[in-house]
Each structure stands twice: as C-alpha cells, then as structure tokens.
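Inside the fold
Listed here are the chains, written in short residue letters.
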Amino acid sequence: MDSTVATNIYTKVSESARRLHAVDAAVTVAALWAVLTIVRAARRKLKTTQLRGPPNPSLLYGVGKATAESSDSGGLMYETWAQEYGVVYQVPSTLGQSKIVLADPRAIAHFYARETWTYVLTPLSKALFERGGESHRRQRKSLTPAFSNAAIRKLAPVFYDSVYKAKAAWDALIQAEGNDSVIIEVQSWMNHISLDSIGIAGFSHDFGSLDGEKTSVTEVFDAFGHSSSAVNVVLLLFSQVFPFITRIPTSRSKLIKRLNDTIGEISTVLLDRTRKEKELGIADDKGDHSIIGLLIKGESKDAELHLSHEEIMAQMKVLLLAGYETTSVSLTWALNQLARNPAVQTKLREELLLVAGDPTYEQLTSGLPYLDAVVHETLRMHPPLQEFTRVAAEDDVIPLSQPVRTKSGKVVDHISVAKGTLITISVACINRSAAIWGPDAKVWRPERWLEEDGIPKKAQEVQGHRHLLTFVDGPRTCLGKGFSVTELKTVLSVLVKNYEFGLRDGVETKLEIGRGILPRPKLVGEEGTKTPLRVRRFEA
C-alpha cells in the first residue's frame, strides 16, 4: 500500500512538473516574441523617417475603420491629409501599428518599380491570396500570350455575343411591359455579361447566366452583396495584425471558402476536360494562346515555365474572379454616370451611330475617341481596387518630387524606410486628387481626355496606364487591362447605341457604396447592391 501511495505521489508530482515546464516554455516563447516585436519596432522607428500625420482616433483601429466605412474608401480623407502633411505622411493603424502613405507620383513610381522584391504582399494578403513572388512571376510570364493584342482581337466576338444576349432579353422585357421603357436592375445584368464572357473567352466554358441558368458560382457571387457588416470590417482590420483571424467562421469568411471551393471544382472540371480533348486530338494545341490552353501547356514537365497543379488552380481562381468582378463593377458605374449625364450619353451615341454595324477591334482600340474617353474617365473616377498595402522586405530610400517636413521639422526630399514598414497607396486618392488632376478632379468629365491640356502635367507624372493607378503599375501591372478595356468598350458600344439610360427616380436618385467582393455602386435603400435604371429602346 505504501509503495502504491508513493508511486501515485511521484506520478502527480511528475505531471505537475511537466505542466510547469510546458507553462514555462509557453511563457518563454511569448516573452521572446514580445521582445522581438519590440526590437523590430524600435529598429523600424530608428531607421524610418518619422513623418507627420493625423492624430490617432482609435487605439484599436487607428484610421482604418474610418477609411473603410467612408463613402469613397477613404479617398477624400487621404487627399485631405496629403494637403495638410505633405505628399508622404504617416497614419496610425490597427493596434498601435502605423503606415506610410504615398501620395507623390515619383515616390509611387519608385514603389511600383521595386514592388516584387522590396515591397511585397503583407501576411494578410498572402493568407487571402496565397501568392508568392517567384511563383507569381512564372505564372504571369506563362500567361502573357493570352493577353496580347492579337489574342484580345480574337475575343471581341465573344464580348459581342454576350452583350447581344443581354440585348435580346432587354428587348423582350420592354415588349412585355407594353411601354416604351422598363426598369432594369443593371448590376445583375453586367454580372451576367462579365461572367459568361470570362468563362468563354478564358476557359471555353459557358456559365449560361445570360440564358437564365443558376449555377453555384453565380449564387455565391450574388450572396456577397448581402454579406457586408460592421463585424466583417472589424475582423478584417484585426486580421492585418493577426492573419489567422481570416479563418474564423464568419458569414463572409464562409462565403469566401464556398467561393474558393466552387471555383476550385469548376477549375478541376475544365482542366480535366481540356486534358482529355488534347489527348483525343480534339483540341489542337498549336498556337493555342487561350488562358486554359497556356495553363495546360505549363503543366507539362517539358514546359519552359513549368507550373504545378496548385499554381494552375490558383491562377484560374484569380483570373475568374478578376475577369468577373472588376469588369462588372466598371460597367455598372459607366451606365450610372451616363444616366446622370444625358448630354454625354447623347454625344457618345452620336459617335457610335457613325459606325456602320458593330465597331471592329481596331475601331474600338483607336477609332472611337469619345468612347475611349468615357471608359477611361469611369476607370479614373471609380477604380475597382480602391487601396492596397505592402510591407517592406528590406530597407529602402524613396525619392520625392517635392520636399516634405518631417515630425522633427526637418525638410527632406527623400524618406528612409526600414524593413517591416507598411506602405499604403490610395488609388482613389491619386486618381481623383485635385493636386494631381486639377480643380474639377471630382467631376466625371470625359472631355478632359480629348482636350489639348486636359491631362495636367502633375497627372502625367503618374506612370500607370493612361496616368491612372486603376491597373496599378510596374511588374505587377494588371495583365488583363487590355482584355478589360476592350470588353468595356464592346459592351457600352452596343448598349448605348440601342438604348437610352435614365435614373429611376430622376435627379433625386442617390447612390452609395455597397460591399460585394469589391465595393460596388448601389441605390440608396436598395437591398444588396442593386442599381436599377430606366431603360428605353433608342429609335433613330
């Protein structure tokens, strides 16, 4: 009995000791992490130019919650701060972090030129997109032929086919109404046009959304318009510090997982089908520059730029999302702006009516200047991606086009940035800044693109596509910008030539920002991201 008691006592003491060792180890790790964090923060502060900036409105969120919930994703707030503190400044971020904001064309050009190795994805971006630097470069290079001018020229009939399907449905709606006009919720129709176009043009797959087919991917896309909430905004802000928060099962994270799974299933089916067609000789891979064709080629072990199955799947998901969401958002904004500006709409229609039949690819590219102006003014005023943040992977010195005053009062023409520093660029701010685009920067005015001095010299310093940051710049400039611009022009050329667009409730109609996957326009009071317009068939 004494021996048993002694054994039990020994066992309990040993277990307690092990628990204490485990606690000690956890405390030690936590202490080391805290010390390391403090040391890194001290190093960043020591090696980074200390800039002026707005006071901290919240210890928890910094300025993040205010910019995220503003009507223009913080564009005007960032512009106001640039006017007060200079072309680069510092803003407080989540849980005591800070970010340097670039609002200077020269600084931004330097940033983009070094983006793939000096300014890289944040841990949060990696958790959301799972993309790496070297892997991304290989994938991008392998897909470049799919977005050449020659490849996009061949895709114009696909865009026309999609918009004419929508036209047939709209004509039927107007006829069924028995009046000369009908209220059409254009957001959902632009979604259908974009989804079917990217499906056929990129992956030889017809989602059939314009034919009324309901698929899992369309249902998930539509659900995002109903998933916005203050809780989601807060969780996203905190996930900037703790990326694992993105795995918490919220309504939005569940939708993201569902979307990821759905696109993954579709991608697998498309890849398997294309492989079988090639094996059977049904698909001729000579000169196949389609997106899915190039991805299949990259899968070969003999390929110059070999891609793993995981990389191929990741690219298909990103391209499907980008081809759908950004284009449908831009088309919806364009139609709303045309409805609000009937004189512009009439002028555009007059230009389009001078073309016999549908414009060719060459005419869409360079033969319709006012259409080009309408499209690029929409991309300037309403960039789908409003803001993004990167983290410095190494120390750097950023040059400025004009000097700024630091926190200590010193005037400098460059700033030092330490490894680990967060850098933010507000696309909405740069595209609509009065300091860059002039006093009418907030006005949607396509004529600026046609006037001799319509693009101010300061705007010409912005090195992105057509002096905009809508497609960003540098090594990560949007590969599909030609695809997107051509689709926008094709769809608008057909719709504006055949219909007149008006605001549903007249001049009193008000828009606000709805939160889909990206910010979208919506009519105030409408559920989700609906934007109904009055559509009337145009009779020449």
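Criteria and cut-off values
- Residues numbered from 1 in each chain as written.
- Predicted model: local features only at pLDDT ≥ 70, side-chain atom pairs only at ≥ 80, totals over all residues.
- Heavy atoms only, no water.
- UniProt positions renumbered as here; feature names shortened; annotations may be inferred.
- Salt bridge = Lys/Arg side-chain N within 4 Å of Asp/Glu carboxyl O.
- Helix = DSSP H or I, 4+ residues; strand = E, 2+ residues; numbered from the N terminus.
- Expected span 1.5 Å × (residues − 1).
- Buried < 20%, exposed > 50% of the residue type's maximum accessible area, 1.4 Å probe, protein only.
- Patch = residues over 30% accessible without salt bridge, like charges linked within 9 Å, V, L, I, M, F, W, Y side chains within 5 Å.
- Areas by Shrake-Rupley, 256 points an atom, 1.4 Å probe, with all protein chains shown as cover.
- Phe/Tyr/Trp six-rings, centres within 6.5 Å; stacked < 30°, edge-to-face > 60°.
- Lys NZ or Arg CZ within 6 Å of the ring centre and 35° of its normal.
- Contact = heavy atoms within 4.5 Å.
- Pairing = 2+ DSSP bridges.

In the annotation of an unreviewed UniProt entry, the protein is listed under the name Cytochrome P450 and assigned to Paxillus rubicundulus Ve08.2h10. Entered under Cofactor (unreviewed entry) in the UniProt record, the comment concerning the protein runs "heme". According to UniProt, the comment filed for the protein under the heading Subcellular location (unreviewed entry) is "Membrane".

Across all of its chains, the model carries 27 salt bridges by this definition. Linking D396 and R114 is a salt bridge whose minimum nitrogen-to-oxygen distance equals 3.6 Å. One end of the pair, D396, is in strand β6 (residues 396-405); the other, R114, is in the loop between α4 (105-113) and β3 (119-121), and 282 residues separate them in sequence. Notably, a salt bridge pairs D171 with R537, separated by 3.6 Å at the nearest N-O pair. Taken together, the positions of D171 in helix α7 (residues 149-177) and R537 in strand β12 (residues 532-537) put the pair 366 residues apart, joining distant regions of the chain.

On to the UniProt feature "binding site: heme" (unreviewed entry) in the protein, then. With numbering matched to this structure, UniProt assigns "binding site: heme" (unreviewed entry) to C478. Looking at the element boundaries, C478 is found in the loop between α19 (457-460) and α20 (481-498).

The subject of this paragraph is α20. The end-to-end C-alpha distance of α20, which contains 18 residues, comes to 26 Å, matching closely the 26 Å that a straight helix rising 1.5 Å per residue would cover. The element α20 is largely enclosed, with a buried count of 15 among its 18 residues.

Here the focus is a nonpolar patch on the surface. Residues L60, L95, F242 and F244 make up a contiguous nonpolar surface patch of roughly 360 Å² in combined accessible area. By the element assignment, L60 lies in the loop between α1 (2-47) and α2 (64-69). Residue L60 is classed as partly exposed on the basis of its relative accessible area, which comes to 42%.

Moving on: the packing of aromatic side chains. As enumerated under the stated definition, the model contains 13 aromatic pairs in all. For the ring pair F111 and Y112, a centre distance of 5.4 Å and an interplane angle of 70° mean the geometry is edge-to-face. Across the pair, Y112 and F111 agree in class, each one buried. Taken together through their ring pairs, the aromatic side chains of F111, Y112, Y119 and F388 make up a single cluster. When the ring centre of F538 is taken as reference, the NZ or CZ atom of R349 above it lies at 5.0 Å. When the ring centre of W437 is taken as reference, the NZ or CZ atom of R380 above it lies at 5.4 Å.

Along the polypeptide, D196 turns up in helix α8 (residues 186-203). Residues contacting D196, with those up to four places away along its chain left out, are S162, D206, F207, G208, S209 and L210.

The buried fraction of strand β2 (residues 98-102) amounts to four of the five residues, a majority that puts the element mostly inside the structure. Bridge analysis of strand β1 (residues 88-92) against β2 gives five bridges, and the strand direction is antiparallel. Considered in β2, the bridge of V88 is made with L102. What sits between the antiparallel neighbours β1 and β2 is a turn of five residues, in which L95 has the positive phi angle 50°. Across three bridges, β2 lies against strand β8 (residues 422-426) in parallel orientation. Its bridge partner being in β8, I100 is matched across the sheet by I423.

Counted residue by residue, strand β5 (residues 387-392) has five buried out of six residues, so it is predominantly covered. Sheet analysis places β3 next to β5, joined by three bridges and oriented antiparallel. By the bridge assignment for β5, Y119 is matched with A392. In terms of strand pairing, β5 meets β8 through five bridges, oriented antiparallel. Bridging from a neighbouring strand, R390 pairs with I423 of β8.

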